[in-house]
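One-letter residues, chain by chain:
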Amino acid sequence: RIQILFELMGEIDCNIQSVTEVLHAASSGEIRRVKEAEAAIATLELRPMYHPILAEISITSDASVTLKRMAAICLKNGVTKFWRSTAPNSLVSTDKDLIKQAVLRSYVEDNKEVFSQLLEVAAKISRHDFPRNWTNCIPTLLEVISTGTDHNQQLRALMLLYKIIKTLSTKRLSGDKQSFREITSALFTMLGELWQSSLQQFQLTSQLVYLECSLIALKLLRAMLTYGFEDFTAPLQRGCLSAIITSVQPHLRQRLAVTDTTAKQVYDKYLIVVIKTAINVQERHPEEFGEFLLSVLQCGNLISFQHSGQLEAKLVAQGLHLLSNIILCDVYDVFRQNSRGISVTEATIRLNEVRNSFFTEAQIQSMCVHCISNFLKLSDIELLNWKESPEEFAYEETRHVSLYSIKASAEHFILNLTATFSDVVCPYIVSLIKECGSRDRGTLDTVLLIDSIYSITVICSYDLFDYIDIDTWFSTLVEELKQDGPFCIILRRRILEVIGRWVTIKLAQDKHPQVYEVCILHMQPSQDLVVRLTAATALQAAVADFAFYPDAFSSYLELSLQQLYSLLKEVDECESMIKILEVIVAIIDGCGKYIVPFVDPLLRWLPELWEASTDHVMLQLQLLKSGRKLAKCMGAQSIRLYSFTDPLLVHSLTKDPEQNLLEDALLLWLQLLENAPRITPTFGELLKCTPTLLQFGSETLKTSLLIIECSILLDPATIISVSSHNNIYYCI
């Protein structure tokens, strides 16, 4: 039926029946019908009334949810492509008006998936049309919010208003900013009253819809407090923020008391928005925020420390983020302002005293203990991941970048706490390290605690520089690596990480050979895979250190390359291969001429790896870099590399349609030419690509011209034979 409809598409009008048939086919799941429907949609979306029909289907109560969802998605895509008046085949004004009318009625849709798509449609339209061409948008929604009788529809209308306001708050042209300030001036008081009345209704009825309504109202207030005012001096703003912060403790008590999962989630979302509001205002108006400083610090402490075990991870992470922001803020720190030559104001002195009155020595130590005992310890999930996916786990900690990750937020917090209050934190950490020596390593809890303490020396290494005698501690760590026990691999991994960190900071030069021995020893196949990968990373740090001396490493060179290649053969993940290759590249780069006697084994390993890297661009890039570093170290002997480098260059310059490898391949080619005694047949064939390479523009133009220059100097006759290509002739 869809095929017949598609064939007749040029002869029939665009109506709700034909559009419904196409949408049914698009959501059928049958590949043939879906492809036919996609072709039909590509034709229909250019017809008048198609998008208004989609909007009508999206909010029609008698249509199936699947059909409505597909219609809403198609409508969203159509608005993205055709709403701008300058877009090809842009929507006519009558279609736009009908779509906007339908969107303003979308609060009647009770399916969350469909409604979420319609929210996106409203946001996209408001970005283009509000306020000039959609003047009735906000008044219509406000009327539903204030006079509606269906609480769920009121909530969805409020969500629709929030989506539009949030979109408008992100516009950055001066006219758009002024327009948003005008909207804020008109709506701020009303939304504040709505937020408070919704909270009161929730207290009276315990119906979650009122708490959800207050949550959306709070999100609106947050957007307006952050972007809707030029300054933060008006009593209205201060009063609103004060009320928001004051609401934390009663809501936190209620959150800890409830047992219903849905209610817990809504409470957590509410508290997250409160914390985000405080963060936004503090970042934009730090001095004016000072009057709330102590109460906000107390709230952050309650959420992130005193009750962290009972709250959602996202909420705890946001609390840590708030505390970190306050610790880092220069406006609250007299020492930082003095060190930067900034005149210290009375406000800064007062706020510095307020901050320091909260961060007492006992408070700081308590926070350190909590971070060590709860946030930085390896969790059961991480230990299971270590066992089941060791390669993923080995590099997992480097990926903790999300503000919603407790571990990442705790690391950021402890780093800032140590930097700001080093005279308190650093001696305390040193005392904890000393206590570790007397702890029994026989239980998992003790080992995890020691591991967590050691991790702080990695996170805060620069601040601990003057407090830790690393040379003495290094000897202790080496002895600890020799210990055997049921949980020894956990500490081995962490100790290797500590060594890799401190070898570049303070470790005495005469200790470096021992570092090489330790790393090579723990890259042996008999060791745990995570330990081996960590040892390789530590070796890379030692070799890349500015104080690295190749002659001191030369006796370890052959064995380290053997262990790295053995490790390379055992890993499966592309990321692991890249990391190991980075270690090899660092060794090649650091050792220079000392690498030449050991090139033959590399030339057996690297081609095999290239053949296995077909689908991994990042791995191929690392191999190109390896070839370039080898060529640089070998000088005139780099002709021995041709069996490895020729396939790389041919593939990268002639068989890579995406040109992902082009820049690195050209650098490798140039390095080989600089060392070459003559133009090889492969180089001669590649020269035929240079006219195309010269057209790629400034990024690779200089390298391409240098390649031509080197080729001319090596073999003018070959260049002349290829110079029938006008571009090369012109360059010559």
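Our structure is the block above this text.
Residues numbered from 1 in each chain as written. Predicted model: local features only at pLDDT ≥ 70, side-chain atom pairs only at ≥ 80, totals over all residues. Heavy atoms only, no water.

## Section: the overall build of the protein chain
So, point 1. Scanning the protein chain from N- to C-terminus turns up 39 helices and 0 strands.
So, point 2. If you line up the protein chain on its principal axes, its C-alpha atoms span 85 × 75 × 55 Å.
So, point 3. Looking at the 732 residues of the protein chain, the share that counts as buried comes to 53%.
So, point 4. Of all intrachain contacts in the protein chain linking residues separated by at least 6 positions in sequence, the fraction that spans at least 24 positions is 71%.
So, point 5. Surface accessibility of the protein chain: about 33,200 Å² in total, with carbon and sulfur atoms responsible for 51%.
So, point 6. Each charge sign in the protein chain was given a centre, from 66 positive and 84 negative side chains, and these centres are 3 Å apart. (Helix = DSSP H or I, 4+ residues; strand = E, 2+ residues; numbered from the N terminus. Buried < 20%, exposed > 50% of the residue type's maximum accessible area, 1.4 Å probe, protein only. Contact = heavy atoms within 4.5 Å. Areas by Shrake-Rupley, 256 points an atom, 1.4 Å probe, with all protein chains shown as cover. Lys, Arg positive; Asp, Glu negative; His and termini not counted. Charge placed at Lys NZ, Arg CZ, Asp CG, Glu CD.)

## Considering the nonpolar core
So, point 1. Counting 252 residues, the largest nonpolar core has L161, L417, F553, I587 and W669 as its most contacted members.
So, point 2. In terms of residue count, the dominant contributor to this core is helix α11 (residues 208–227) (12 residues).
So, point 3. Once residues lying within four places of it in the same chain are set aside, the contact partners of L417 are I327, F359, I364, C368, S422 and V425. (Core = buried A, V, L, I, M, F, W, Y, C linked by side-chain atoms within 4.5 Å.)

## Examining empty space enclosed by the protein
So, point 1. What the rule picks out here adds up to 2 cavities of 30 Å³ or more.
So, point 2. Size it by volume and the largest cavity reaches roughly 60 Å³.
So, point 3. Lining of the largest cavity is provided by F130, P131, L168, K171, D176, S179, F180 and I183.
So, point 4. No other element matches helix α10 (residues 174–205), which puts 4 residues into the lining of the largest cavity.
So, point 5. Looking at the lining of the largest cavity residue by residue, the classes come out as 5 nonpolar, 1 polar and 2 charged.
So, point 6. In this structure, the second largest cavity encloses a volume near 30 Å³.
So, point 7. Among the secondary structure elements, those contributing two or more residues to the lining of the second largest cavity are α14 (261–284) and α15 (293–306).
So, point 8. Considering every element that reaches the lining of the second largest cavity, the biggest residue donor is α14, with 3 residues. (1 Å grid on protein atoms, 1.4 Å probe; cavity = no way out; pocket = protein on both sides within 12 Å on 5 of 7 lines; lining within 4 Å. Points joined across faces, edges and corners; volume = space filled by probe spheres on them. Nonpolar A, V, L, I, M, F, W, Y, C, P; charged D, E, K, R; others polar.)

## A look at helix α25 (residues 470–481)
So, point 1. Relative to the 16 Å expected for 12 residues at 1.5 Å per residue, α25 spans 16 Å between its end C-alpha atoms, a close match to the ideal helical length.
So, point 2. Three or more residues of α25 are buried, namely I470, W473, F474, L477, V478, E480 and L481. Along the axis of α25, the buried positions cluster into a sector of 155 degrees, meaning they face one direction only.
So, point 3. In this fold, the buried residues of α25 make contact with α23 (422–436), α24 (444–459), α26 (488–502) and α27 (512–521). (Expected span 1.5 Å × (residues − 1). Arc of directions from axis to C-beta.)

## Details of the side chain of D545
So, point 1. If you trace the backbone, D545 turns up in the loop between α28 (529–544) and α29 (550–570).
So, point 2. Of the side chains with opposite charge, R501 comes closest to the buried, unpaired D545, at an N-O distance of 11 Å.
So, point 3. Excluding residues within four positions of it along the chain, D545 makes contact with V503, T504 and H512. (Salt bridge = Lys/Arg side-chain N within 4 Å of Asp/Glu carboxyl O.)

## Here's the deal with the packing of aromatic side chains
So, point 1. Taken as a whole, this structure holds 16 aromatic pairs when the rule is applied.
So, point 2. Summarising the aromatic geometry, the rings of Y565 and W605 are spaced 4.2 Å apart at their centres and angled 5 degrees between planes, so their arrangement reads as stacked. Here Y565, found in helix α29, pairs with W605, found in helix α31 (residues 599–611); they are 40 residues apart in sequence, far enough to count as distant.
So, point 3. For the pair Y642 and F683, a centre-to-centre distance of 5.5 Å together with 75 degrees between the ring planes defines the contact as edge-to-face. Taken as a pair, Y642 in helix α33 (residues 642–654) and F683 in helix α35 (residues 681–686) lie far apart in primary sequence, 41 residues in all. In this pair, the class of Y642 matches that of F683, namely buried. (Phe/Tyr/Trp six-rings, centres within 6.5 Å; stacked < 30°, edge-to-face > 60°.)

## Some points on the environment of L444
So, point 1. With respect to the helices, strands and loops of the structure, L444 is situated in helix α24.
So, point 2. On the basis of relative accessibility, which here comes to 29%, the residue L444 falls in the partly exposed class.
So, point 3. Separated by 46 residues in sequence, L444 and I490 have C-alpha atoms that sit 9.3 Å apart.
So, point 4. If sequence neighbours within four positions are ignored, L444 has contacts with L383, F487 and I490.

## Here we look at unusual backbone geometry
As a rule of thumb, non-glycine residues mostly have phi less than zero, and peptide bonds are mostly trans rather than cis.
So, point 1. Across the junction of F130 and P131, the peptide omega takes the value 5 degrees, indicating a cis bond.
So, point 2. Within the chain, M49 stands out as a residue other than glycine whose phi angle is a positive 75 degrees.
So, point 3. With respect to the helices and strands, the residue M49 is situated in the loop between α3 (31–44) and α4 (50–58).

## A few points about the packing of helix α2 (residues 16–26) against helix α5 (residues 65–82)
So, point 1. Between α2 and α5, the least distance of the axes is 9 Å, while the angle of their chain directions is 100 degrees. Judged by the inter-axis angle, α2 sits roughly perpendicular to α5. Seen from α2, the contacting residues are T20, L23, H24 and A26; seen from α5, they are L67, M70, A71 and C74.
So, point 2. Grouping the amino acids of the contact of α2 with α5 by side-chain chemistry returns 6 nonpolar, 2 polar and no charged. (Axes fitted to C-alpha atoms, helices over the stretch in contact; angles between N-to-C directions. Parallel < 35°, antiparallel > 145°, perpendicular 65-115°, else oblique.)

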